Amino acid sequence: MARKDTITINGDEFSFNEGETILQIANRNGIDIPTLCYMKGLNPTGACRICVVEVKGARNLVPSCATPAMNNMVVETESERVIKSRKLNIELLLASGRHNCITCEKNGDCRLQDLAYRYKVETVRFPESETRYETETNALIIRDFSRCILCGRCVQVCNEVQVNRAISYGYRGSASKIVAVGDLPLNESDCVFCGECVQACPVGALTENPSRFQGRPWEVEKVQTTCPYCGVGCQMNLHIKDNKVIKITGTEDVAPNFASLCVKGRFGYDFINKPERLTVPLIKEAGSLKNASWDDALSLTAKRLVDIKSKYGPDSIGIFSSAKITNEENYIAQKFARAVIGTNNVDHCARLCHASTVAGLAAAFGSGAMTNSVADIEKSKLILVTGSNTTEAHPVISSYIKRAVESGSAKLIVVDPRRIPLTKFATLWLRQNLGTDVAWANGMMHVIISEALYDSNYVKDRTEGFEELKKTVEKYDPAFVSKITGISADDIIKAARMYANSRPASIFFAMGITQHSTGTDNVKSMANLAMLCGNVGVPGGGVNPLRGQNNVQGACDLGALPNVFSGYQPVGDPAVREKMEKAWGVNGLPETSGLTITEMVKGAQDGKLKALYIIGENPLVSDPDINHVEQGLKNLELLVVQDIFLSDTAKIADIVLPSASFAEKDGTFTNTERKVQLVRKAIDPPGKAKQDWEIICELSNRMGYAMEYTDSKAIMEEMNSVTPSYAGISYSRLENGGLHWPCPAPDHPGTPILHVGTFTRGLGQFHAIEYIPPAEVTDEDYPLYLTTGRVLYHFHTRTMTMQSEGLNELSPECFVEISPQDAADYNIKQGDLLRVHSRRGEIQAMARVSDQAIKGTIFIPFHFAKAAANRLTNPALDPIAKIPEFKVCAIRIEKV
Amino acid sequence: MKRIDSPKKLEDIRKEIIGARDPDKPCITICSGTGCRAFGSENVTESFRKELKKHGLEETIDVRTTGCHGFCEKGPVVVINPHGIFYQKVSPKDTNEIITETLLNNKVIERLLYTHPETGQKIVKESEIPFYKGQMRVIFGNNGKIDPTSIDDYIAIGGYSALSITLTDYSPVEIIEIIKKSGLRGRGGGGFPAGVKWESCRNAAGNKHYVICNADEGDPGAYMDRSLLEGNPHSVLEGMIIGAYAIGSDEGYIYVRNEYPLAVRNVEIAIASLKECGLLGENILGSGLNFDIKVSRGGGAFVCGESSALVASLEGRVGEPRAKHIHRVESGIWDQPTNLNNVETWANVPLIINKGVDWYTSIGTEGSKGTKIFSLVGKVNNTGLVEVPMGMNIKEIVYEIGGGIPEGRKLKAVQTGGPSGGVIPESLMDVPVDFDRLTDVGSMMGSGGMIVMDDKTCMVDTAKYFMNFLRGESCGKCTTCREGTQRMYEILEAISNGDGKEGDIELLEELSWAVAEGSLCALGQTAPNPVLSTIRYFRDEYEAHIKEKRCPAGVCKALITYSIDEENCTGCGACKKVCPVEAITGEKKELHTIDPDKCIRCGACMAACNFDAVKVV
């Protein structure tokens with residue numbers, strides 16, 4: 001066996017692995033070599049020259065970050081020559097701009113300052129360089145070029161970590177500047193304000209504008225928690241001063257985001273501290289909401305609920321739980337519905353986003369969640385993204401995808417009618433007609449089967465229903481599919497071959513697949529495709545629905561659904577009911593499935609539902625066909641809303657209960673990859689607001705069912721005992737990082753990949769599915785299609801993001817994205833005010849003529865209450881999942 | 001153009017081309033290199049064509065526009081063949097006379113001949129002119145014989161015979177052996193043995209091997225590579241094809257700066273004709289060799305001549321050098337093995353194959369074989385491009401080829417190696433041009449810049465000039481280079497402005513050390529050379545600036561005043577006329593005076609005075 005190679009650093013010998021740099025070996029062995037530009041995990045640029053060391057025999061000092069160790073190398077890291085070079089380097093940097101620390105935001109957290117101290121650079125022999133470039137300020141980021149030391153960390157993270165490619169080096173020599181395209185200000189450039197550059201900046205050149213003069217590094221306490229926006233579950237540090245969140249940074253070295261955040265996560269926290277937050281309960285008196293005590297509000301609520309229950313029966317009451325609140329709170333909400341009210345009428349907004357995923361994947365695999373972990377993207381050879389504008393809706397996951405493509409580890413197929421930003425990275429982009437997803441998936445499978453590219457062993461050993469599938473897709477030859485989908489036959493064939501020949505291949509999808517009247521069919525088609533090529537249950541493969549809310553996965557997991565208890569245990573199963581009755585100390589839990597959100601709204605309209613208890617949801621903006629929603633809610637005898645703001649829905653409530661935001665509570669969220677992560681209380685809630693679980697518990701106590709928990713941890717312990725997939729998850733384990741469910745025992749490591757070896761349901765089930773057109777198609781009166789979705793800068797009904805000045809500045813209002821061809825046909829110019837009609841309503845918004853849109857289809861973001869896209873959308877439901885068809889309806893437009 | 005698909009076909013076509021040409025047919029050869037173009041050679045060519053037409057002589061007299069002849073000082077240069085009559089500074093108004101007198105009546109026009117500066121003798125033939133006589137123009141000489149846009153011209157003088165021999169007689173490894181034995185060292189500055197580099201690249205593992213020609217010549221005043229690419233692109237391409245064969249490459253790039261439009265054009269024409277006749281593409285000369293060359297145009301950043309920055313730029317990224325431990329031969333463009341040589345190095349390859357290792361190694365010194373082309377500029381009579389055998393000493397180049405210093409002034413120093421080179425003082429003028437010896441005296445071979453300085457050259461000003469260039473061309477990546485060169489420039493500027501302080505020289509030395517020690521690429525590592533070498537040889541001049549606030553060479557404007565000598569002034573008014581700021585007053589035929597407050601020290605008055613009355617103090 002060959003002798004292990006060794007290197008001598010400062011007189012001590014160390015062994016190393018091939019390719020390790022001097023710096024890595026030193027770091028590993030506790031030798032502190034200072035760095036400025038070095039970014040762990042990225043290719044070293046060797047630019048700052050601070051980490052130079054002396055290598056015996058080398059002509060010059062070498063940068064330790066970029067120099068691989070060689071056998072018998074002799075290194076000195078703090079020799080006189082090294083120190084002399086570092087000192088002069090620091091001196092040059094200190095003279096290179098306005099490095100006055102007194103009012104600098106980074107004072108006390110500045111690497112240059114630390115280095116000057118460490119190397120005792122007391123005097124600077126050079127005059128301070130003139131400020132060559134003016135400081136640039138926008139709502140979110142301040143770029144002070146006089147403090148920039150051109151280390152290039154910002155450029156590296158923008159290009160190599162987030163892959164936003166917004167900034168690079170401009171000019172040369174001492175005139176060098178970090179520039180956006182054309183040296184434009186950031187807010188006129190391709191910058192998406194993720195702030196990764198700000199976090200990477202070692203000095204005060206890039207700082208968060210909203211945090212300016214809010215507190216100094218040594219005055220703040222940092223609390224790690226989980227992001228309250230989308231389902232990626234980014235870990236973030238809240239910077240707290242005087243019970244206020246003054247800044248947010250991504251938590252370093254922790255999955256899934258490893259310090260990355262998006263613009264909402266990093267800058268969208270204003271809502272927490274807003275004076276508009278609800279601080280006291282409100283009771284409607286004589287048509288208007290008046291401040292009330294908790295005692296009055298809770299007693300009144302309890303009394304009204306008891307009355308309605310006794311008058312109309314328990315199923316006349318419904319509960320909207322929430323994808324924003326914690327797992328513990330969802331558990332308590334569904335327990336309240338089932339054990340206290342006695343109804344299964346509990347649901348939440350997953351109905352509007354991934355109900356079809358849960359139904360479809362449960363039918364195919366036996367479990368309705370993302371099969372693989374986010375980190376698995378790095379193992380994929382091919383990534384198929386469809387119906388997901390990932391860069392805007394799940395930015396941090398999109399960075400994984402972009403990195404995979406950029407590094408050459410994976411090819412990317414995008415199937416989307418819109419020219420979404422990911423298409424720039426795609427090897428192949430298929431632009432299908434709206435609502436034709438089953439057709440293109442069948443087309444791909446037709447090619448894969450007819451060319452025998454599928455994994456026959458996998459199909460034989462692990463699945464059932466292949467023959468039926470084969471028979472059904474037979475007629476979906478590329479020419480036939482091309483006619484339906486508008487995708488060329490060639491591209492169908494190309495995509496099929498690429499998908500089948502690159503294994504493992506993963507599929508990512510979101511609302512573009514699920515929010516259809518054929519949503520469940522669409523999801524099953526994705527499952528078919530993945531199983532056909534043996535891509536389920538393998539690292540780097542999978543069918544991966546991207547969940548849109550921080551805890552939509554957890555709300556489903558903990559039973560905020562009308563048909564299951566926590567852990568997807570069916571309410572119809574007597575054994576399960578018996579277990580729950582025993583655990584909860586009640587008898588006669590309801591055995592039939594309750595109403596879904598959409599059905600509850602319908603029930604309210606019809607007068608069958610008398611009371612609705614809504615936690616943290618805003619159906620007056622989020623649900624389809626709002627005009628009818630409004631009628632329904634007004635028809636109720638009792639509407640209780642528990643929220644952090646007086647939302648549009650809260651405004652029409654009879655009782656409003658103020659709750660705590662994510663920053664004000666302990667608990668857990670489960671992210672899109674089924675990973676349970678801690679939420680930590682960083683500040684006290686405003687006024688008299690309470691955590692959601694506390695409110696429900698107190699209400700329950702008043703209704704005669706004792707709910708006594710000391711804290712959220714106690715709720716988790718109860719969840720453990722009745723929920724097999726969460727049985728092994730405890731706060732103490734989560735302190736060391738999240739756990740993927742199923743995690744059935746305290747010593748179980750969690751399950752990042754589902755269906756390994758066997759599917760949850762045993763064999764994977766192929767479903768033979770025929771293409772069905774959307775529920776509403778265009779005609780003479782409504783000649784265009786409308787599709788809806790998100791923009792990067794806002795979230796859902798904007799309850800949170802509208803509170804942020806910066807986000808509002810970047811995305812101030814609703815728009816109608818229309819293709820240049822349609823714009824020409826209708827003589828529409830950029831910025832024209834348009835009126836958009838559907839059979840259900842009309843809204844007005846500005847035209848945004850863009851080649852992101854495809855001819856014949858306009859796009860409207862659904863965030864804006866003033867021009868609510870959901871006044872137009874079609875409430876037609878998927879027959880199985882009851883998800884509405886948000887993604888397709890027929891409209892007409894005219895200029896105002 | 002016919003397909004040339006075998007060595008035999010090449011020889012047949014060569015015979016055909018030569019056979020169709022009458023060696024005695026008169027031919028007007030007009031230099032169309034960049035220097036002569038600047039002097040208006042395109043108009044001269046046009047005028048010749050017009051006049052020939054007028055005389056009805058288009059068929060009987062050929063006109064050939066060639067690449068640079070090297071003697072740029074005397075452009076536009078015209079050579080009348082077959083007799084080789086050399087005319088200098090030809091203008092369109094001379095063309096009719098040349099046709100009627102020289103071509104039709106065999107008379108030499110005295111006025112257009114070169115005059116020996118010492119003997120006053122008129123010299124008729126190019127080869128007799130001292131500028132050319134001392135040279136050994138084995139690489140550069142063909143420039144004057146061919147039209148660079150004509151592949152026929154190149155084939156007629158033996159072009160592609162080296163390639164033919166290579167593919168017929170030698171294995172790739174044997175070619176590498178030949179190049180190694182020849183001692184050919186890279187002409188781009190580093191002087192790395194080319195054969196060794198080729199061998200490492202050949203042996204490096206990769207999916208694909210690349211060869212690159214570095215034509216990103218960026219030194220101020222240097223234009224050797226430009227003139228070769230403009231004047232004889234096929235010699236470079238032939239070298240690259242031979243290199244591709246030896247290394248096992250099927251794809252090559254020429255990285256040439258966009259500011260060299262003629263070089264880009266001529267090399268693109270040459271590549272197109274090679275593709276047409278099959279000397280580039282698949283199965284070259286029936287040997288099974290596949291090779292293609294693409295031209296990539298650079299944006300003119302000096303640093304892109306550095307190999308790793310060049311590769312970055314070629315790949316479409318920001319042209320910045322990358323870590324040095326990654327060797328280009330193993331991981332160059334697209335991370336594949338890549339062999340990069342400069343224009344002149346490639347052009348040496350066919351010569352070595354054709355004439356043999358013994359012939360080649362007979363030229364030059366122990367460690368530096370062959371010839372080197374220099375761009376001889378500055379305070380020297382015969383500026384231009386000169387090709388000399390390695391080992392010739394600088395004094396010979398300056399005096400025998402360069403014709404000495406104008407106005408009989410004193411030689412002070414010669415700067416070699418481009419901006420990162422150094423100055424060599426007059427006392428060391430017998431140092432031979434040799435990679436190692438130039439380094440010994442604190443300068444370097446570089447790519448072949450040679451700037452002659454007389455006693456009116458200020459060394460602080462010289463150092464400042466080069467630092468100004470380097471601070472602007474530093475890519476800005478390494479702190480030491482970006483900030484250090486800027487500070488060095490500022491200190492030099494202060495010294496030449498009379499604001500120098502005690503300790504500035506030491507601070508310059510410390511900065512020089514730090515920049516050289518701490519910078520990634522050769523640009524930074526050698527950037528202090530102009531400062532260090534001027535301090536080394538002319539420290540007293542720095543001290544005069546700092547301590548006495550005096551510029552001994554009379555160059556640094558802040559430290560000099562112009563005045564008019566009472567004795568010599570005739571009151572002619574010539575100085576007053578040229579003064580751009582009306583600083584000179586005085587009546588006709590009376591003593592003139594200069595107002596020092598208005599004077600901008602441009603020196604126009606001094607140049608205009610015929611009586612040596614304007615003095616610098």
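As the structure is a prediction and not an experimental result, all values here were calculated from the model.

**Q** Before we move on, could you go through the overall build of chain A and cite the residues and values that matter?
**A** Looking only at helices and strands, chain A features 30 helices and 40 strands. Across chain A, contacts joining residues at least 24 apart in sequence account for 72% of those joining residues at least 6 apart. Here chain A displays about 32000 Å² of accessible surface, and carbon together with sulfur accounts for 49% of that area. Charged side chains of chain A number 97 positive and 103 negative; the gap between the two group centres comes to 2 Å.

**Q** I'd like a rundown of the pattern of salt bridges, residues and numbers included.
**A** Scanning the model with the defined rule gives 82 salt bridges over all chains in all. Between Arg172 of chain A and Glu473 of chain B there is a salt bridge, and its shortest N-O distance comes to 3.3 Å. A residue pair is termed interchain when its members come from two chains, as with Arg172 of chain A in the loop between strand 8 (167-170) and strand 9 (177-180) and Glu473 of chain B in helix 18 (residues 459-473). Taking the relative accessible area as the measure of exposure, Glu473 of chain B reaches 13% and is therefore buried. Across the salt bridge formed by Lys855 of chain A and Asp825 of chain A, the nearest N and O atoms sit 3.4 Å from each other. Highlighted residues: Lys855 of chain A in the loop between strand 36 (842-849) and strand 37 (857-861) and Asp825 of chain A in helix 30 (residues 820-825), separated in sequence by 30 residues. Lys855 of chain A gets classed as partly exposed once you look at its relative accessible area, which sits at 49%. Among the charged side chains, a network of salt bridges with common partners joins Asp32, Glu78, Arg86 and Arg118 of chain A.

**Q** How would you sum up the sheet that holds strand 1 (residues 27-31) of chain B? Please name residues and give values.
**A** Residues and elements named next belong to chain B. If you trace the 4 strands from one edge of the open sheet to the other, you get 2-1-3-4, paired in mixed fashion. Of all the strands in the sheet, just strand 2 (62-66) and strand 4 (85-87) have a single pairing partner and so form its edges. Each strand axis lies, on average, 20° off the axis of its neighbour in the sheet, ignoring direction. Taken together, the 4 bridges between strand 1 and strand 3 (residues 78-81) define a ladder with antiparallel strand orientation. In the sheet register, Ile30 faces strand 3, and the bridge partner there is Val78.

**Q** Before we move on, can you summarise a nonpolar patch on the surface with the specific residues and values?
**A** Together, Leu833, Met846 and Val896 of chain A give the surface a local cluster of nonpolar side chains, amounting to about 230 Å² of exposed area. For Leu833 of chain A, the position within the fold is in strand 35 (residues 833-837).

**Q** Hey, could you go over the packing of helix 13 (residues 437-450) of chain A against helix 16 (residues 478-485) of chain A for me, with residue numbers and the actual values?
**A** All names here are of chain A. As a packed pair, helix 13 and helix 16 sit with axes 9 Å apart at the nearest point and diverge in direction by 165°. When the axis of helix 13 is compared with that of helix 16, the two are roughly antiparallel. For helix 13 against helix 16, the interelement crossing comes out left-handed. Each of Ala439, Trp440, Gly443, His446 and Val447 in helix 13 lies in contact with helix 16, whose residues at this interface are Pro478, Val481, Ile484 and Thr485. Partitioning the contact of helix 13 with helix 16 into residue classes produces 6 nonpolar, 3 polar and no charged.

**Q** Please give an account of the domain arrangement of chain A that cites residues and values.
**A** Residue and element names in this part refer to chain A. Structurally, chain A comprises domain 1 (6-78), domain 2 (103-119 + 126-271), domain 3 (282-352 + 551-740), domain 4 (371-545) and domain 5 (784-895). The C-alpha centroid of domain 4 is placed 37 Å from the C-alpha centroid of domain 2. On the domain 4 side, the residues contacting the 17 residues of domain 2 number 12 residues. Buried area between domain 2 and domain 4, both sides added, is near 1100 Å², and the carbon and sulfur share of it is 58%. Summed over the three residues of domain 2 that lose the most area to domain 4, namely Val163, Arg165 and Val232, the buried surface amounts to 40% of that side.

**Q** Explain the packing of helix 22 (residues 597-606) of chain A against helix 24 (residues 626-634) of chain A residue by residue, including any values.
**A** Residue and element names in this part refer to chain A. Relative to each other, helix 22 and helix 24 sit at 60°, their axes nearing to 7 Å. Here helix 22 lies oblique to helix 24, going by the angle between them. The interaxial crossing formed by helix 22 with helix 24 has left-handed handedness. Between helix 22 and helix 24, the contacting residues are Val601, Ala604 and Gln605 on the first element and His628, Val629 and Gly632 on the second. Looking at the contact of helix 22 with helix 24 residue by residue, the classes come out as 3 nonpolar, 3 polar and no charged.

**Q** Go over the nonpolar core with me, naming the residues and quoting the values.
**A** One finds Tyr160, Trp198, Ile254 and Leu279 of chain B to be the most contacted residues of the largest nonpolar core, which totals 71 residues. The element that contributes the greatest number of residues to this core is helix 11 (residues 233-247) of chain B, accounting for 9 residues. Ignoring anything within four residues of it in the chain, the contact list for Leu279 of chain B reads Ile4, Ile151, Tyr160, Leu163, Ile241, Leu274, Ile284 and Leu285 of chain B. In terms of nonpolar packing, the next biggest core, distinct from the first, is built from 59 residues, Ile332, Ala333, Met580 and Met703 of chain A among them.

**Q** Please set out the interface of chain A and chain B residue by residue, giving values where relevant.
**A** Counting from both sides, the interface comprises 34 residues of chain A and, opposite them, 33 residues of chain B. When the two sides are added together, the surface that chain A and chain B hide from each other amounts to roughly 2800 Å², 55% of it contributed by carbon and sulfur. When residues of chain A are sorted by the area they lose upon contact with chain B, Arg49, Leu92 and Arg172 of chain A head the list and together hold 22% of the total. Here chain A is connected to chain B by 3 salt bridges. Across the salt bridge formed by Glu517 of chain B and Arg81 of chain A, the nearest N and O atoms sit 2.7 Å from each other. In this structure, the connection of chain A to chain B is made through 14 residue pairs in polar contact (both at pLDDT 80 or more). Listed by contribution, the elements that provide at least two residues to the side of chain A that touches chain B are helix 2 (80-95) and strand 8 of chain A. Its residues placed into classes, the side of chain A that touches chain B shows 15 nonpolar, 12 polar and 7 charged.

**Q** I'd like to hear about the packing of aromatic side chains, residue by residue, with values.
**A** Counted by the stated rule, this structure contains 26 aromatic pairs over all chains. Ring plane angle 10° and centroid distance 4.1 Å describe the contact between Phe71 of chain B and Phe131 of chain B, whose orientation is recorded as stacked. With Phe71 of chain B in the loop between strand 2 and strand 3 and Phe131 of chain B in helix 5 (residues 130-133), this residue pair connects regions lying 60 residues apart in the sequence. The same class applies to Phe71 of chain B as to Phe131 of chain B, namely buried. Three or more aromatic residues joined by ring pairs make a cluster, and in this case those are Phe71, Phe86, Tyr114, Phe131 and Tyr132 of chain B. Just above the ring of Phe859 of chain A sits the side chain of Arg418 of chain A; from NZ or CZ to the centre is 3.5 Å.

**Q** Residues and numbers for the pairing of strand 5 (residues 73-76) of chain A, please.
**A** Residue and element names in this part refer to chain A. Every second residue of strand 5 is oriented toward a common face, the buried set being Met73 and Val75 and the non-buried set Val74 and Glu76. Of the pairings in the sheet, the one linking strand 1 (residues 6-9) to strand 5 comprises 3 bridges and is parallel in character. Across the sheet, residue Thr8 finds its bridge partner in strand 5, namely Val74. Bridging between strand 3 (residues 52-55) and strand 5 involves 2 bridges; their strand directions are antiparallel. Across the sheet, Glu54 pairs through a bridge with Glu76, a residue of strand 5.

**Q** Which residues make up the domain arrangement of chain B, and what values do they have?
**A** Residues and elements named next belong to chain B. When the domains of chain B are assigned, the result is domain 1 (25-81 + 85-124), domain 2 (151-360), domain 3 (371-454), domain 4 (459-547) and domain 5 (561-616). A C-alpha centroid distance of 30 Å is found between domain 1 and domain 3. Between domain 1 and domain 3, the residue contacts involve 6 residues of the former and 6 residues of the latter. The contact between domain 1 and domain 3 buries some 460 Å² in all, and 47% of this surface belongs to carbon and sulfur atoms. Contact with domain 3 buries surface across domain 1, with Gly70, Phe71 and Glu73 losing the most and accounting together for 63% of the total. There are 0 salt bridges connecting domain 1 and domain 3. Of the residues contributing to the side of domain 1 that touches domain 3, the split by class is 4 nonpolar, 1 polar and 1 charged.

Conventions adopted
Residues numbered from 1 in each chain as written. Chains lettered and ligands numbered in written order. Predicted model: local features only at pLDDT ≥ 70, side-chain atom pairs only at ≥ 80, totals over all residues. Heavy atoms only, no water. Helix = DSSP H or I, 4+ residues; strand = E, 2+ residues; numbered from the N terminus. Contact = heavy atoms within 4.5 Å. Areas by Shrake-Rupley, 256 points an atom, 1.4 Å probe, with all protein chains shown as cover. Lys, Arg positive; Asp, Glu negative; His and termini not counted. Charge placed at Lys NZ, Arg CZ, Asp CG, Glu CD. Salt bridge = Lys/Arg side-chain N within 4 Å of Asp/Glu carboxyl O. Buried < 20%, exposed > 50% of the residue type's maximum accessible area, 1.4 Å probe, protein only. Pairing = 2+ DSSP bridges. Axes fitted to C-alpha atoms, helices over the stretch in contact; angles between N-to-C directions. Patch = residues over 30% accessible without salt bridge, like charges linked within 9 Å, V, L, I, M, F, W, Y side chains within 5 Å. Parallel < 35°, antiparallel > 145°, perpendicular 65-115°, else oblique. Left-handed = near helix turned anticlockwise from the far one by under 90°. Nonpolar A, V, L, I, M, F, W, Y, C, P; charged D, E, K, R; others polar. Domains from an automatic or database assignment. Buried area = accessible area lost by both parts, 1.4 Å probe. Core = buried A, V, L, I, M, F, W, Y, C linked by side-chain atoms within 4.5 Å. Polar contact = N/O pair within 3.5 Å; in protein donor to acceptor, adjacent residues only side chain to side chain. Phe/Tyr/Trp six-rings, centres within 6.5 Å; stacked < 30°, edge-to-face > 60°. Lys NZ or Arg CZ within 6 Å of the ring centre and 35° of its normal.

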